[in-house]
Amino acid sequence: METFKAPFKGRSLLNWIDWTPSEIETLLDLSLQVKAEAHRGEVHQRFLGKTIALVFEKRSTRTRSSFETAFGEEGGHPVFMSTEDIQLGGKESVKDTARVLGRMFNAIEFRGYRQEHVEQLAEFSGVPVINGLTDEFHPTQALADIMTLKENFEELKGLHLAYCGDGRNNVARSLMLICAKMGIHFSIFSPKELFPDEGISEICRPFAEKSGAKIQISDKMDVVEGADALYTDVWVSMGEEALKERRIGLLSPYQINGALMQATGKSGTIFMHCLPAVKGQEVTEDVFESTASRVWDEAENRKHTIKAIMLGLL
């Protein structure tokens with residue numbers, strides 16, 4: 001078996017709150033390393049003899065593909081479990097499920113609704129747990145986004161990332177948190193009704209003060225001035241389908257289109273999206289397909305950052 005010294009052996013990744021900027025940089029460096037290895041066609045077996053439970057309450061393309069291929073390519077055995085396959089929080093409590101999975105697997109990934117469930121898995125399983133998405137946080141997506149910024153601009157500190165649309169969703173919250181840690185200026189251009197809650201702003205404030213990041217939240221377009229990247233997500237999140245018509249009416253003025261890209265005042269502004277995208281709603285097709293778009297780099301980087309996270313924790 002190939003030897004690899006995991007820098008954060010035994011830790012869990014539930015959000016970025018208790019990770020230092022230098023620790024996040026270590027994961028970014030590892031992400032760039034494994035991406036370079038993949039592009040050179042190298043084969044490694046650093047997870048040989050290891051197993052991971054992939055627990056999914058919510059459907060996924062990128063998260064499932066990233067975890068399964070990254071773990072399998074390294075010689076490990078990923079086991080996918082939907083809510084139809086196990087008794088998570090139904091017939092069996094999350095606490096009891098955690099204690100069973102912890103006896104059988106080297107790690108657990110959870111993608112679902114409640115943050116408290118991923119926290120219970122981490123508390124009671126005794127193995128590293130990775131948050132693949134909850135209603136509150138999406139840390140693996142945020143790391144892939146920061147990696148994409150690093151590839152485009154090299155230096156992260158002092159960059160300006162502007163998020164346009166639903167400012168209180170898990171992606172916006174996670175980006176605010178990681179940007180506050182890394183010294184990236186972060187703006188949210190959103191209707192007042194969808195501003196992030198004060199709780200996440202309170203969490204981010206001391207991190208931003210320490211790193212020098214500025215955080216701005218506004219329903220005025222001038223908040224995107226000077227942005228190096230404009231970012232958006234779908235207007236209707238999973239579980240909120242009944243709100244579709246209201247959301248479209250509320251968020252239409254916050255669409256990323258050619259005019260909003262020009263409003264940054266920078267010719268080199270890039271476009272980012274966590275995918276899947278509803279073209280014609282949160283972004284116009286011409287921007288999505290333009291040379292400014294980095295959405296496929298972000299999608300690929302989900303795999304490399306997730307492999308790096310698993311290497312770091314296992």
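Going by the structure above, here's the rest.
### A look at the overall build of the chain
If you tally the helices and strands in the chain, you get 11 helices and nine strands. The globule rule puts the C-alpha radius of gyration for 314 residues at 20 Å, and the 19 Å found for the chain is close to it. Expressed as lengths along the three principal axes of its C-alpha atoms, the size of the chain is roughly 55 × 45 × 35 Å. The burial tally for the chain puts 56% of its 314 residues in the buried class. Contacts in the chain between residues at least 24 apart in sequence constitute 76% of all its contacts with a sequence separation of at least 6. Side chains of the chain give 36 positive and 46 negative charges; the mean places of these two sets differ by 3 Å.

### Some remarks on unusual backbone geometry
Each neighbour pair has its own omega, and for Leu 275 with Pro 276 the value is 0°, a cis peptide bond. Here Pro 276 shows up in the loop between strand 9 (270–273) and helix 10 (285–288). Even without a glycine there, the phi angle at Glu 154 is positive, about 65°. Following the sequence through the fold, Glu 154 ends up in the loop between helix 5 (139–153) and strand 5 (160–164). Note on Glu 154: relative accessible area 65%, which makes it exposed. The residue Leu 275 is not glycine, and still its phi comes out positive at about 65°.

### Quick look at the state of the cysteines
Scanning the entire structure with this criterion turns up zero disulfides. Cys 164 carries a free sulfur, and the closest cysteine sulfur to it, the one in Cys 274, is 13 Å from it. Residue class for Cys 274 comes out buried when judged on its relative accessible area of 7%.

### A word on the sheet that holds strand 6 (residues 185–189)
Strands pair in a sheet through their backbones, by hydrogen bonds, and they do so in one of two ways: parallel or antiparallel. The five strands lie next to each other as 7-6-5-8-9, forming an open sheet whose pairing is parallel. Each having just a single partner strand, strand 7 (215–218) and strand 9 make up the two edges of the open sheet. The average angle at which neighbouring strand axes cross in this sheet is 20°, direction not considered. Where strand 6 and strand 7 come together, four bridges link them in parallel fashion. When the bridges of strand 7 are listed, Ile 188 appears paired with Ile 217. Sheet contacts for helix 5: strand 5, strand 8 (229–232) and strand 9; angle to strand 9, the most-contacted strand, approximately 165°. Taken strand by strand, helix 11 (residues 295–313) contacts strand 8 and strand 9, and its axis lies near 45° from that of strand 9.

### Some remarks on the pattern of salt bridges
Pairing is possible between side chains of opposite charge, provided their charged atoms come close. Throughout the structure, instances matching the rule amount to 23 salt bridges. A salt bridge links Glu 198 to Arg 205, with the shortest nitrogen-to-oxygen separation between them at 3.1 Å. For Arg 205, a relative accessible area of 36% translates into the label partly exposed. Here the residues in one salt-bridge network are Glu 37, Arg 46, Glu 73, Glu 74, Lys 303 and Lys 307, joined through shared partners.

### Describing the packing of aromatic side chains
Within this structure, the stated rule accounts for eight aromatic pairs. Aromatic pair Phe 271 and Phe 288: ring centres 6.4 Å apart, planes at 65°, arrangement edge-to-face. Note that Phe 271 is positioned in strand 9 and Phe 288 in helix 10, a separation of 17 residues in sequence. By relative accessible area, which is 3% here, Phe 288 ends up buried. Across the ring face of Phe 80, the terminal group of Arg 64 is positioned such that the distance to the ring centre comes to 3.6 Å.

### Digging into the packing of helix 5 against helix 6 (residues 170–182)
Two elements in contact, helix 5 and helix 6, have axes separated by 9 Å at closest approach and are oriented at 55°. The angle between helix 5 and helix 6 falls in the class oblique. By crossing handedness, the relation of helix 5 to helix 6 is classed as right-handed. Two secondary-structure elements touch here, helix 5 through Pro 139, Ala 142, Leu 143, Asp 145 and Ile 146 and helix 6 through Ser 174, Leu 175, Ile 178 and Cys 179. Its residues assigned to classes, the contact of helix 5 with helix 6 shows seven nonpolar, one polar and one charged.

### Description of helix 11
Across its 19 residues, helix 11 extends 27 Å between first and last C-alpha, which sits within 8% of the 27 Å expected from 1.5 Å per residue. Largest kink in helix 11: about 30°, centred on Asn 301.

What counts, and at which threshold
Residues numbered from 1 in each chain as written. Predicted model: local features only at pLDDT ≥ 70, side-chain atom pairs only at ≥ 80, totals over all residues. Heavy atoms only, no water. Helix = DSSP H or I, 4+ residues; strand = E, 2+ residues; numbered from the N terminus. Rg over C-alpha atoms; globule rule 2.2 N^0.38 Å. Buried < 20%, exposed > 50% of the residue type's maximum accessible area, 1.4 Å probe, protein only. Contact = heavy atoms within 4.5 Å. Lys, Arg positive; Asp, Glu negative; His and termini not counted. Charge placed at Lys NZ, Arg CZ, Asp CG, Glu CD. Disulfide = S-S within 2.5 Å. Pairing = 2+ DSSP bridges. Axes fitted to C-alpha atoms, helices over the stretch in contact; angles between N-to-C directions. Salt bridge = Lys/Arg side-chain N within 4 Å of Asp/Glu carboxyl O. Phe/Tyr/Trp six-rings, centres within 6.5 Å; stacked < 30°, edge-to-face > 60°. Lys NZ or Arg CZ within 6 Å of the ring centre and 35° of its normal. Parallel < 35°, antiparallel > 145°, perpendicular 65-115°, else oblique. Left-handed = near helix turned anticlockwise from the far one by under 90°. Nonpolar A, V, L, I, M, F, W, Y, C, P; charged D, E, K, R; others polar. Expected span 1.5 Å × (residues − 1). Bend = angle between axes of the 7 residues up to and from the residue.

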